[in-house]
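Breakdown of the fold
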Amino acid sequence: MTKPIPFRTLQTAAETVSLLIDGEMIDAPAGVSVAALLLREGRGSRIHATGGERAPYCMMGVCFECLVTIDGVRNRQGCLVTVAEGMQIGVQDHV
């Protein structure tokens, strides 16, 4: 699978937060959504039951393509959750 074109934000935050995505430490701009961070990092949000990788789409809580595990809680909509210091984000293997 080819890597998608990187997602870029219009502004860069002066502050950052450190968090984990699938066990990898990431410094993220404060105030962005988990879904925006996943796009920025070139990552999908979950692996569909048929094996295909899914990624955030609508960014406003309608499509449910951004479902991730956040701090051990599955099926969180990443587009509706702001990143926080120490947060642990996991790509879901299926829904």
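Below is a summary of the structure that appears in this document. Quantities reported herein were computed from a predicted structural model and do not represent experimental measurements.

Counting secondary structure elements, the chain contains one helix and seven strands. When the helices and strands of the chain are listed from N to C terminus, the series reads β-β-α-β-β-β-β-β. Sequence-distant contacts in the chain: of pairs separated by 6 or more residues, those separated by 24 or more amount to 41%. Just so you have it, the chain exposes about 5,900 Å², and 53% of that area is on carbon and sulfur atoms.

A separate point is the state of the cysteines. The full count for this structure, using the stated rule, is zero disulfides. Not engaged in a disulfide, the cysteine C58 finds its nearest cysteine sulfur in C63; these two sulfurs lie 3.7 Å apart. Not engaged in a disulfide, the cysteine C79 finds its nearest cysteine sulfur in C66; these two sulfurs lie 3.6 Å apart. C79 sits in the buried class, given a relative accessible area of 11%.

Another aspect to go through is the pattern of salt bridges. With the rule as written, the count across this model stands at four salt bridges. For the salt bridge of R54 with E65, the shortest nitrogen-to-oxygen distance reads 2.7 Å. Of this pair, R54 sits in strand β4 (residues 53-54) while E65 sits in the loop between β4 and β5 (67-70); the two residues are eleven residues apart in sequence, bridging distant segments of the chain. Overall, the relative accessible area of 16% leaves E65 in the buried class. When salt bridges that share partners are traced, they join R46, R54 and E65 into one network.

Another point: unusual backbone geometry. Keep in mind that most residues, glycine aside, have a negative phi and that most peptide bonds are trans. Phi at D22 is positive, roughly 50 degrees, even though this residue is not glycine. The topology assignment puts D22 in the loop between β1 (16-21) and β2 (24-29). The residue M59 is not glycine, and still its phi comes out positive at about 65 degrees. Along the polypeptide, M59 turns up in the loop between β4 and β5.

Let's shift gears to the nonpolar core. Formed by 16 residues in total, the largest nonpolar core has its most connected members in L19, I21, V34, L37, V83, M87 and I89. Looking at this core, the elements with two or more residues in it are β1, β2, α1 (34-40) and β5. No other element matches the four residues that α1 contributes to this core. In this structure M87 touches S18, L19, L20, V34, I70, D71, V81 and T82, once residues within four positions along its chain are discounted.

Criteria and thresholds
- Residues numbered from 1 in each chain as written.
- Predicted model: local features only at pLDDT ≥ 70, side-chain atom pairs only at ≥ 80, totals over all residues.
- Heavy atoms only, no water.
- Helix = DSSP H or I, 4+ residues; strand = E, 2+ residues; numbered from the N terminus.
- Contact = heavy atoms within 4.5 Å.
- Areas by Shrake-Rupley, 256 points an atom, 1.4 Å probe, with all protein chains shown as cover.
- Disulfide = S-S within 2.5 Å.
- Buried < 20%, exposed > 50% of the residue type's maximum accessible area, 1.4 Å probe, protein only.
- Salt bridge = Lys/Arg side-chain N within 4 Å of Asp/Glu carboxyl O.
- Core = buried A, V, L, I, M, F, W, Y, C linked by side-chain atoms within 4.5 Å.

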